[in-house]
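Take a look at the letters that make up each chain.
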There are 2 protein chains.
Amino acid sequence: MQSLWLENQSLSLRDTPRPNKPGEALIRVRLAGICGTDLELARGYYPFTGVPGHEFVGEVIESPDKSWIGKRVVGEINVVCGECEQCRNGRPTHCEKRTVLGIVNRNGVHAEFTTLPLENLHLVPDSVPDEAAVFTEPLAAALEIQEQVHIRPTDRVLLIGAGRLGQLVAQSLALTGCDLRVAARHPLQQKLLTDRGIRLITEDEVQPRRWDVVVEATGSPSGFDLARRALRPRGTLVLKSTYRGGMTVNWSPFVVDEITIVGSRCGPFAPALQMLEKKEVDPAALIAKRFPLSAALEAYETAKQPGTLKVLLEM
Amino acid sequence: MQSLWLENQSLSLRDTPRPNKPGEALIRVRLAGICGTDLELARGYYPFTGVPGHEFVGEVIESPDKSWIGKRVVGEINVVCGECEQCRNGRPTHCEKRTVLGIVNRNGVHAEFTTLPLENLHLVPDSVPDEAAVFTEPLAAALEIQEQVHIRPTDRVLLIGAGRLGQLVAQSLALTGCDLRVAARHPLQQKLLTDRGIRLITEDEVQPRRWDVVVEATGSPSGFDLARRALRPRGTLVLKSTYRGGMTVNWSPFVVDEITIVGSRCGPFAPALQMLEKKEVDPAALIAKRFPLSAALEAYETAKQPGTLKVLLEM
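Residues numbered from 1 in each chain as written. Chains lettered and ligands numbered in written order. Predicted model: local features only at pLDDT ≥ 70, side-chain atom pairs only at ≥ 80, totals over all residues. Heavy atoms only, no water.

Caption draft 1: Main features of the domain arrangement of chain A. All names here are of chain A. As assigned here, chain A comprises domain 1 (2-123 + 282-314) and domain 2 (143-263). Put simply, the middle of domain 1 and the middle of domain 2, counted by C-alpha atoms, are 28 Å apart. Facing the 18 residues of domain 1 at the interface are 13 residues of domain 2. Taken together, the two surfaces of domain 1 and domain 2 that pack against each other cover about 1,200 Å², and 55% of this comes from carbon and sulfur. When residues of domain 1 are sorted by the area they lose upon contact with domain 2, D282, L286 and L309 head the list and together hold 42% of the total. Seen at the junction of domain 1 and domain 2, the total is zero salt bridges. Counting the contacts that link domain 1 with domain 2 gives three residue pairs in polar contact (both at pLDDT 80 or more). (Domains from an automatic or database assignment. Contact = heavy atoms within 4.5 Å. Buried area = accessible area lost by both parts, 1.4 Å probe. Salt bridge = Lys/Arg side-chain N within 4 Å of Asp/Glu carboxyl O. Polar contact = N/O pair within 3.5 Å; in protein donor to acceptor, adjacent residues only side chain to side chain.)

Pasting the structure below:
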């Protein structure tokens, strides 16, 4: 099969054997997304060799349980042991022995086929097109914020960053009824938000010590710094991004102001699919461009451009 | 009156006018504690000129409400406006216009007399001796942890640091029924804990990725690093100390492991006094030495010695 292959920070198209993992479903990938983590893997920020990619919608081709064959599915990306302390305590996404689709010790979905255990799969409702279903994984990651932090309708919530993930965070936060403002730098990011009635704020307009919850989705020191200044005493800072390397932080103000900081990663698929089915969020507008798998290298180059939203690969 | 005076990082004993603040109670200080913050002020880590000290028990001498006269009291250290956004939202200890006894724009208690508004005062029950009442403020600060974080009886809780504040944190955490271990470096700190049946752990014994809640009470980068390694995914790190200057942190593991960090400062006086009345905590064993106010400089020198617990000033 045709695959995108990452090795020594170099991407190439290869002909690789069709995957075959005993006990797992074989899935023909229909549509896959390129996300920030894929770009960081390609830049070598994390070590990974193999097929990248973890956002997808596909069709089950082979399965230990034949009733899955022919079904259109999305898949949770953490493949877990079910037996370690994290799994037994209801934290399977933190399984100590996990492999992660296209990220940790498991080939991903930027290829014609992939495999996943059946327990990772979710049926896609017929009314949800591939172009929406492919956003299930990042939308689930966005929803992890509400899974972790109680967002009250009376809360003033500031979102810093409105890229691929930030747009989905904005759309789902807006559903809580909270007083949401988004600091977005790129005109297209701004337009997508205002088209949905989501209000913008410039960095200069952000009032210091005012915001109950700040979601930092830029992964940059300047975003972190803005978040820090914006938070009210006893406010909550959600880190919804990865940060490269070390960042020097003066902790005393966090202690004096009794700030809570929450790291946020993978989220729940079922409510994400439900939101897509009910059209409560609309990811289609985030699609910047679609490429065939054979043009995956060009697709990655496009995704790298600042301000580019979601680039998709069609298999 | 005789006062300890801090100016330009220099402490001296002075004869200053007896304080007189309209609308506030005049309090004769009976006993006062020296805490880490006092030592940091004296070292110049925070700018302050005036009488230091904020831990005390005293007797009301003059008061706008005469019924307070003659009463033995302790006092909350934040003097607040009652009108700002923080005050109106139930966060008076974060009042934007606050003065803080012996810390921010208000003379403290390392003097014969001090003043505080009546709303800051709490009556000390007759059964609580001065030697216990003087610990109300730091015990309240210890209880702020349970005010902020739900400590479950099934939680594995690691406390790093067992100095002045750490001992009170240990005693109050032990009351929750949680599986508590304390990393304490000094033999006296260790003995005080084991005397109360609180279990120790060496830094080498701390299992990585195991602890539900870690309380960092050393304020040192090594303590922070140990805390980080000890926390399980989705665990909670309580910062119960101030940190001098900046500390470089690699944020990605906090995001990947979805750690929550909670800064923790001043706490509730009423439950602290109740615990002292019921003898659920026993601060008396923490008293290292008592000095008359006239020997305050020597008292500060003693308090500075590593491993020294509570040094008291008698007025």
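Caption draft 2: Representation of the interface of chain B and chain A. Facing 43 residues of chain B, the contacting portion of chain A comprises 43 residues. For the pairing of chain B and chain A, the buried interface totals around 3,500 Å² over both sides, and the portion due to carbon and sulfur atoms is 48%. Among the residues chain B hides against chain A, the three largest losses belong to W251, V255 and E258 of chain B. Together they make up 20% of the total. Linking chain B with chain A are six salt bridges. Across the pair R209 of chain B and E96 of chain A runs a salt bridge whose closest N-O atoms are separated by 3.1 Å. Elements with a contribution of two residues or more to the side of chain B that touches chain A: helix 2 (85-88), helix 4 (136-148), strand 14 (231-239), strand 15 (246-250), helix 8 (252-256) and strand 16 (260-263) of chain B. Of the residues belonging to the side of chain B that touches chain A, the class tally is 15 nonpolar, 15 polar and 13 charged. As judged from the three bridges shared by strand 16 (residues 260-263) of chain A and strand 16 of chain B, these two strands associate in the antiparallel manner. Each residue of the ladder has a partner; that of T260 of chain A, found in strand 16 of chain B, is V262 of chain B. (Helix = DSSP H or I, 4+ residues; strand = E, 2+ residues; numbered from the N terminus. Nonpolar A, V, L, I, M, F, W, Y, C, P; charged D, E, K, R; others polar. Pairing = 2+ DSSP bridges.)

Caption draft 3: Representation of the relation of the copies chain B and chain A in the model. When chain B is fitted to chain A, the residual RMSD is 0.0 Å, and the transformation amounts to a turn of 180° plus an axial shift of 0.0 Å. Taken together, the turn and the small shift mark the pair as related by a two-fold rotation axis. Measuring from the rotation axis to each C-alpha of chain B, the shortest distance belongs to T248 of chain B, at 1.9 Å. In this assembly the copies share their binding face: 100% of the residues contributing to the interface of chain B also contribute to that of chain A. (Least-squares fit on C-alpha atoms with pLDDT ≥ 70 in both.)

Caption draft 4: Broad picture of unusual backbone geometry. A positive phi angle, close to 55°, is found at K279 of chain A, a residue other than glycine. Inspection of the secondary structure assignment puts K279 of chain A in the loop between helix 9 (269-277) and strand 17 (287-292). One non-glycine residue, N105 of chain B, adopts positive backbone phi at about 55°. By the element assignment, N105 of chain B lies in the loop between strand 7 (99-100) and strand 8 (113-117).

Caption draft 5: Just the sheet that holds strand 13 (residues 211-216) of chain A, in detail. In spatial order, the strands read 12(A)-11(A)-10(A)-13(A)-14(A)-16(A)-16(B)-14(B)-13(B)-10(B)-11(B)-12(B); together these 12 strands make up an open sheet with mixed pairing. Sheet topology places strand 12 (199-200) of chain A together with strand 12 (199-200) of chain B at the edges, where each strand pairs with a single neighbour. As judged from the five bridges shared by strand 13 of chain A and strand 14 (residues 231-239) of chain A, these two strands associate in the parallel manner. Paired with V213 of chain A across the bridge in strand 14 of chain A is T236 of chain A.

Caption draft 6: Up close: empty space enclosed by the protein. All names here are of chain B. Under the criterion given, the structure shown has one cavity of 30 Å³ or more. Of the pockets and cavities examined, the largest cavity occupies roughly 50 Å³. E76, I77, N78, E137, A140, A141, C266, G267 and F269 are the residues that line the largest cavity. Considering each element in turn, the lining of the largest cavity owes the most residues, three residues, to helix 4. The residue inventory of the lining of the largest cavity, partitioned by class, reads five nonpolar, two polar and two charged. (1 Å grid on protein atoms, 1.4 Å probe; cavity = no way out; pocket = protein on both sides within 12 Å on 5 of 7 lines; lining within 4 Å. Points joined across faces, edges and corners; volume = space filled by probe spheres on them.)

Caption draft 7: Local environment of the pattern of salt bridges. Tallied over the entire structure, the rule returns 43 salt bridges over all chains. Taking the shortest distance from any N to any O, the salt bridge between D225 of chain B and R229 of chain B comes out at 3.5 Å. One end of the pair, D225 of chain B, and the other, R229 of chain B, are both in helix 7 (residues 221-230), four residues apart, so they sit about a helical turn from each other. Judged by its relative accessible area of 46%, R229 of chain B is partly exposed. The network of salt bridges with common partners includes R28, R30, E59, R72 and D130 of chain A. (Buried < 20%, exposed > 50% of the residue type's maximum accessible area, 1.4 Å probe, protein only.)

Caption draft 8: Looking closely at the pairing of strand 11 (residues 179-183) of chain B. Residues and elements named next belong to chain B. When you tally the buried positions in strand 11, you get four out of five residues, the bulk of the element. Two strands pair when backbone bridges link them, and strand 10 (residues 156-160) and strand 11 are joined in this way by five bridges, in the parallel orientation. Along strand 11, the bridge assignment pairs L159 with V182. On the question of chirality, the crossover connecting strand 10 to the parallel strand 11 by way of helix 5 (residues 164-174) is right-handed. Here two bridges tie strand 11 to strand 12, and the two strands are oriented parallel to one another. (Right-handed = clockwise from strand over helix to strand, strands pointing away.)

Caption draft 9: Quick look at the packing of helix 4 (residues 136-148) of chain A against helix 9 of chain A. All names here are of chain A. Where helix 4 meets helix 9, the axes come as close as 8 Å, and the angle between the chain directions of the two elements is 110°. When the interaxial angle is binned, helix 4 and helix 9 end up roughly perpendicular. The two elements helix 4 and helix 9 meet at a crossing, and its hand is right-handed. On helix 9, the residues touching T136, E137, L139, A140 and L143 of helix 4 are F269, P271, A272, L273, M275 and L276. For the contact of helix 4 with helix 9, a count of residues per class yields nine nonpolar, one polar and one charged. (Axes fitted to C-alpha atoms, helices over the stretch in contact; angles between N-to-C directions. Parallel < 35°, antiparallel > 145°, perpendicular 65-115°, else oblique. Left-handed = near helix turned anticlockwise from the far one by under 90°.)

Caption draft 10: Structural context of helix 5 of chain B. Within helix 5 of chain B, nine of the 11 residues are buried, leaving the element largely enclosed by the surrounding structure. Among all positions in helix 5 of chain B, only R164, G166, Q167, L168, V169, A170, Q171, S172 and L173 of chain B are buried.

Caption draft 11: View of the confidence of the model for chain A. On average, residues of chain A carry a pLDDT of 96, and 100% of them reach 70 or more. Scored by ipTM, the complex comes to 0.92, with pTM at 0.94. (pLDDT = per-residue confidence, 0-100.)

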